Amino acid sequence: MPEARSGTATVAPVLTRPPAEQHDGTREVLPPELGERQIVFDLSDVEVRYHGVTAVQNVNLRIAAREITAFIGPSGCGKTTVLRTLNRMHDITPGAEVRGRITYHGEDLYGPRVDVAEVRRRIGMVFQKPNPFPKSIHDNVAYGPRINGHKRGDIGDRVEHALQRAALWDEVKDKLRQSALGLSGGQQQRLCIARALAVEPDVVLMDEPCSALDPIATARIEDLMQELKSDYTLVIVTHNMQQAARASDRTAFFTAEVDDAGRRVGHLVEFDATEHLFTQPSDPRTEGYITGRFG
Amino acid sequence: MSTVTAPATTSLLQSRPASRGRRLRNHLATGLIIGSMAVTLVPLVFLVIFVVGRGGHVFGWHFLSTDIPILDREMGGGMKAAVVGTLLITGGATAMAVPLGVLGAVYLNEYGKQSRLARFIRFLSEVMTGVPSIVMGLFIYILWTLHFKSFSGFAGSLALACLMLPIVIRTSEEMLRLVPDELREGSYALGSRKVRTIRTVVLPHAAPGVISGALLAVARAAGETAPLLFVIGIVTDTNSNLFHGPSTALSAQIYKNAISPFVGAQDRAYGAALTLILLVFVFTALARVVTTVYARRTTAAV
Amino acid sequence: MATETLAPAAPRNLSEGGVPPGRISDRVFRVITLAAGLLVLVILGLIVVETAGQARSWLSAEGLGTIFSSNWDPAHHHFGALALIVGTLEVAFLALLIAVPVSVGLALFVTEVAPRPLRRYFVYAIDLLAAVPSVVFGLWAIHVLLQPLADVYSSISSATAGIPLLDTLFGSPSRSGQAVMTAGIVVGIMITPIVTAITREVFATCPASQKEAALALGATRWEMIRGSIFPHSRSGVVSAVMIGFGRAVGETIAVALVVGSNQRLSAHLFGTGDTMASIIVNEFGDATGTWRSALIGLGLVLLLLTVVIGIVARSVLGRAERRLAAVT
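Here the structure is a predicted model, which means the values were calculated and not measured. (Residues numbered from 1 in each chain as written. Chains lettered and ligands numbered in written order. Predicted model: local features only at pLDDT ≥ 70, side-chain atom pairs only at ≥ 80, totals over all residues.)

Chemist: Is there a simple way to think about the overall build of chain B in this case?
Modeler: When helices and strands are counted, chain B shows 11 helices and one strand. Going residue by residue from the N terminus, the α and β elements of chain B occur as β-α-α-α-α-α-α-α-α-α-α-α. Compactness check: chain B gives a C-alpha radius of gyration of 27 Å against a globular reference of 19 Å for 302 residues, more than 25% above the reference. Judged by the C-alpha coordinates and their principal axes, chain B covers about 100 × 65 × 35 Å. Of all 302 residues assigned to chain B, the portion counted as buried reaches 51%. Residue pairs in contact within chain B that sit at least 24 positions apart in sequence constitute 75% of those at least 6 positions apart. (Helix = DSSP H or I, 4+ residues; strand = E, 2+ residues; numbered from the N terminus. Rg over C-alpha atoms; globule rule 2.2 N^0.38 Å. Buried ≥ 20, exposed ≤ 12 C-beta atoms within 10 Å, placed from the backbone. Contact = placed C-beta atoms within 7 Å.)

Right, here's the structure in full:
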C-alpha cells in the first residue's frame, strides 16, 4: 500500500512565478500543470449566512479534478460550512443561506433546474462520525444503487466493487449480512466510504473523516485516499495539519476574524499547492497557524 | 493562465430520464403529506364553524343563567343547571384527583423511583389512561350509586376523578423528572430534609408543568359524558349541592338533546356544545400559556 | 447571655438522642405519597372485582359458551355478545384504516415538511382537535354527516351490487346514514390526534446523522423518509396504532349517536350496527336484573380488552426505546 505522502509526487516543482492576485487579496497559486487539469468546482465570492448572520465570506477558490484538496484552519472558521456548500447540504440546514456563485464543471450548482438528488449522487459525502444505517453491511452499500434503480443481480457486483475500492472487502466478504453496527469505528468509516462510492460519484467530500478514529485506522484511511485520488476528486476538511501536509495536493487555509460588529466571521486566507503553503506560506496568518502547531 | 473547465454540452446536474419517476414519487408523497394536514383541518374547522353557527344565536349570558325547560319542545330557555353542574362536578373531581395525583407522582419520582412497586404502579397508571370512561361510570355506579341508592353530583365527581387520576400522575411525574438533581442535592447539602426539599425546591420548579398537565386533565374531564350518565341522574332546576340530589351537566344535556327531534332542544344542545367547547378550549389554551411562560422564564434565567 | 441560637450549647453526637422531629414528618409524608400511588392499583383492582361481581349473574345464566352467541335479545332473555364484540372490532378497524395513514402523514408533515416557524401552530391545531369532546363530535355528525353519507352509501351500494365480496360489505345501506362505517369515520377522526402525537415523537427521535447519510447519497426526501425514518420508527408506530385501537374500542358517546343500535351480527359496513360501549349507554337506563348484569359484563370485556391492548402497546414501545438507547 503506498505510503501517504505530501503532494510532491503530483505537483510540479514550485515556480518562482509571482502568485496571481485576486481582487480581494486572497492569493491563489496555480502551477502550470493545473492548466491542463480540469476545474471541478469554481467558487466566486461565496458567503454563507445562518439566520442572517454571516458565518464565512469572500471565498474564492478552484478545486481541480483527481486531486486531494484540504481545508484547514482553526475551529469555527467555516471549513465545514464551505464544504457543505459543495453538495448543497445547506438546503436542509434551517436558516442557512448560500450566496455567491459555485459552479460544478462550469454549471451553476444552485441553478433553478438542477436536481439536488443528482447533485448529491455525483458529489458524495463522508461524515465526521461514521453513520452507517442500522442494516446489514450489504444493505448499507446497496442503498444507493437500489434507489437509483439498479437491478438485483447488478447490485451484488456493485456492492463488491465498492467495498473493494474502499479497501474493506477482504474484511467483510464473509459477513455481508451482519449488522454494520458490529464493525469497528475505522471499518464503519470505510463502509461509509464504500457506500458513497457505490453510487459512482465524481467527487467525494470528507468532513474530518478521521477525527473519531484511532491512529491506525486513520493511517488506513489516508492510504485509501491516495488510492481513490486516481479516480475521484477528493475534498477533505481536517483539523490535523500533519494529515493535510502528508495527504493533500492543494490546501486552503481558513481563519476567523472579528469584524466591526464584534462577530467572528470566517474567510479564506490562502490557497496553494500543499508543499508551497507549508514551506513558503504567503500570508503571515498562515505562517502563524502552521508554525504554532508545529511547535 | 490557462485553465480548462470541462465543456458541458449537456447539463450534468439535471435529472436523468431514469430518475424522473423518483422525482414524481417524491412530489406525490409530499402532496399526500400536505393533504393529510388538510384532511385533518377540514373537520376541525367545519365543526367549530358549525357549532358556532348553530349555537351562537342562543348563546349568551341569558342562556347561561336561565333554567332548562322541562319539555323538550319548548323553545328558548337556557342551560343554567348544566353549567352549574359541569362546574361543580368537574371542580369536585379536580379537587380530588389533582392533589392525589401529584402526591402519587411525588412517590413515584422521589421515593419509589425504579423499585419494582414503583415501576408496577407507573405501568398500571399508563395502562389505566386507556380504560374507557364508561367503565369508570359503571364502576362508580356499582360502588356508590347502588350502595347509596341515590344520584348525586359527587358520584359524577368520583367517576371523573378516577378518569383524571392516572393522567395527572403521568404528566406530573414527567414534570418532576425534569427537575435537575443538582437542585435537590443543593438543598440536601444545606441540611434540608426530603419533605422540605420537595416542598420548597422540587414542587415549585415543576409547578408550571404540573399545572399545565392538570389543566389539560380538567379540560378532558369537563367534556366527558359517559361516566356521568348513570350516576348523576338528571334535573332541570339548578342543584348547587354537590352531595345531595341528582344533578346534570353540559355533556349529559347535549347527549340527551342531540337525539331530540324538537328544534328547541336542538338549539339548546348547540348552545351547550358551544359553551362546552369554549370551556375546553380555554383550559387547553391556558395550559399552553402556562407552559410557554414557564419556558420563557427558565430560558431567561439561564 | 440569652441564647437564641439554634445550636445547643454543647454539640451533640450525630446519633445521640431520640428521633429528630424532621424524621417523623419524612416518614409520614412518604407513607402518604405511597398511599396516593397505591390508589391507582386499588382502583383498578376494585374495578375488575366489582364489575366481575356484578357480571356474575350474566356469566352464570348464559354459560361461557352462549355468551359468544350472536343473539342479543333482552326481551327473551338472550344476551349473546358476539354481535357486539364484532361490531366493536369493525368500527375500531375502520377507524384505524382512516386514522393511521392520516396520522403518519400528519407526523411527517410536522416533522419534515412544514416550514419550521409554523410547525408549532399545526401542533396546536391537532391538539385542539383532540380537545373536542366526544359528545360534540356526535352532535355535529348527526346533523352534518348522516344525510350526505346516506347518499354515498346508497350510490356505492348500488354500484357494487352483484360483485361477490363487495356486495356483502356494501350491501343493505342504512337510509338514515347511521352505520358502522359512519361510526368508523367519526372515531377515526377522533383518534387521529393521539396516534399522531405518539408517531410524531417517534419520528423526531430519528437521528439527524441517519437522515443526512441518506440525503448525501442522493436520496429524495421521500426516499430518505422510507429509508431512514420508517425503519427507525417501526415499533413506535406499531405502539401508536395499538393505543389508537384501544381508544377506538372504548369510544362511547359519538358511536352511540351514529351507529344505529342494531345488534345483529353482520358484515354490512354501510348498515346499522352496535358496539359494546354504545349499547351499554343506550340500554343501561332501562335494564334490570340479568340484562343489567349482561351490560356490566360487556363493560368488563371492554375493560379487559383495553387493559390487554394497553399492556402490549407499552411493552412494544418500551422494547423499542430500550433498543434505541442501546444503539445511540
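Now that the structure is up, let's keep going.
Chemist: Would you explain the overall build of chain A in this entry?
Modeler: The number of helices and strands found in chain A is 10 helices and 12 strands. A separation of at least 24 residues holds for 72% of the contacts in chain A among residues at least 6 apart in sequence.

Chemist: What am I meant to see in the interface of chain B and chain C here?
Modeler: You'll often see interface size given as the accessible area lost when the parts meet. With 71 residues of chain B at the interface, the matching set in chain C holds 70 residues. Looking at which element gives the most residues to the side of chain B that touches chain C, the answer is helix H1 (residues 20–56) of chain B, with 20 residues.

Chemist: Help me understand the nonpolar core, please; the structure alone is not making it clear to me.
Modeler: One broad rule of soluble globular proteins: the nonpolar side chains tend to lie buried together. In this structure, Met164, Ile254 and Ala273 of chain B together with Val136 of chain C are the most contacted members of the largest nonpolar core, which totals 277 residues. The biggest single contributor to this core is helix H2 (residues 82–113) of chain C, with 17 residues. If we skip the residues at most four places from it in the chain, alanine 273 of chain B touches Val51, Gly55 and Ile254 of chain B together with Val136 and Leu139 of chain C. (Core = buried A, V, L, I, M, F, W, Y, C linked by C-beta atoms within 7 Å.)

Chemist: Explanation requested: H1 of chain B in the structure shown.
Modeler: Note: α-helices contain 3.6 residues per turn, so residues at a spacing of three or four share the same orientation. Its 37 residues place the ends of H1 of chain B 52 Å apart at the C-alpha level, agreeing with the 54 Å of an ideal helix rising 1.5 Å per residue. The complete set of buried residues in H1 of chain B reads Arg22, Ile33, Ser36, Met37, Thr40, Pro43, Leu47, Val51, Arg54 and Gly55 of chain B. (Expected span 1.5 Å × (residues − 1).)

Chemist: Hey, could you run me through unusual backbone geometry in this one?
Modeler: Peptide bonds are trans in most cases, and residues, glycine excluded, mostly fall at negative phi. With a phi close to 55 degrees, asparagine 58 of chain A is a non-glycine residue in the positive phi region. Note on asparagine 58 of chain A: 19 C-beta atoms within 10 Å, which makes it partly exposed.

Chemist: Which parts of the structure should I look at to understand the pairing of strand S11 (residues 250–258) of chain A?
Modeler: In the case of a regular strand, side chains alternate between the two sheet surfaces. All names here are of chain A. Here four bridges tie strand S5 (residues 68–72) to S11, and the two strands are oriented parallel to one another. Residue pairing across strands places phenylalanine 71 opposite alanine 252, the latter belonging to S11. Hairpin connection from S11 to strand S12 (residues 264–273): five residues lie between these consecutive antiparallel strands, with glycine 262 at a positive phi of about 85 degrees. (Pairing = 2+ DSSP bridges.)

Chemist: Please clarify how helix H4 (residues 116–128) of chain B should be interpreted in this entry.
Modeler: Here H4 of chain B contains 13 residues, and its C-alpha end-to-end distance of 18 Å stays within 8% of the 18 Å for a straight helix at 1.5 Å per residue. Buried within H4 of chain B are the following residues: Ile121, Arg122, Leu124, Ser125, Glu126, Val127 and Met128 of chain B.

Chemist: What am I meant to see in the environment of asparagine 60 of chain A here?
Modeler: By secondary structure assignment, the location of asparagine 60 of chain A is in strand S4 (residues 53–64). Residues asparagine 60 of chain A and leucine 268 of chain A, 208 residues apart in the sequence, show an inter-C-alpha distance of 7.5 Å.

Chemist: Help me out: how do you make sense of the pairing of strand S8 (residues 123–126) of chain A in this one?
Modeler: All names here are of chain A. Residues Ile123 and Met125 point to one face of S8 and Gly124 and Val126 to the other, with burial holding for every one of them. Looking at chain direction, S8 and strand S9 (residues 203–207) are connected through four bridges and run parallel. Bridge pairing in S9 links glycine 124 to valine 204.

Chemist: What am I meant to see in the confidence of the model for chain A here?
Modeler: Detailed reading of predicted coordinates is not advised where the pLDDT is low. On average, chain A scores 84 in pLDDT, and the residues at 70 or more come to 87%. Per-residue pLDDT stays below 50 along residues 1–33 of chain A; that stretch engages in 59 contacts with residues further than four places along the chain or on separate chains. (pLDDT = per-residue confidence, 0-100.)

Chemist: Help me understand the packing of helix H5 (residues 133–148) of chain B against helix H6 (residues 153–178) of chain B in this model?
Modeler: Between two packed helices, what matters for the description is the angle formed by their axes and the separation of those axes. Residue and element names in this part refer to chain B. Following both chains from N to C, one finds H5 and H6 inclined at 135 degrees, their axes separated by 9 Å at the closest point. Classified by the angle between their axes, H5 and H6 sit oblique to one another. Between H5 and H6 lies a crossing whose hand is right-handed. Listed contacts from H6 to Ser133, Met136, Gly137, Phe139, Ile140, Trp144 and Thr145 of H5 are Ala155, Leu158, Ala159, Cys162 and Leu163. Along the lines of polarity and charge, the residues of the contact of H5 with H6 split into nine nonpolar, three polar and no charged. (Axes fitted to C-alpha atoms, helices over the stretch in contact; angles between N-to-C directions. Parallel < 35°, antiparallel > 145°, perpendicular 65-115°, else oblique. Left-handed = near helix turned anticlockwise from the far one by under 90°. Nonpolar A, V, L, I, M, F, W, Y, C, P; charged D, E, K, R; others polar.)

Chemist: Mind showing me how you'd approach the environment of tyrosine 121 of chain C here?
Modeler: Residue and element names in this part refer to chain C. Take tyrosine 121: it is sitting in helix H3 (residues 119–131). What makes tyrosine 121 exposed here is the crowd of 10 C-beta atoms within 10 Å. A sequence separation of 25 residues divides tyrosine 121 from leucine 146, and the C-alpha atoms of the two residues are 31 Å apart.

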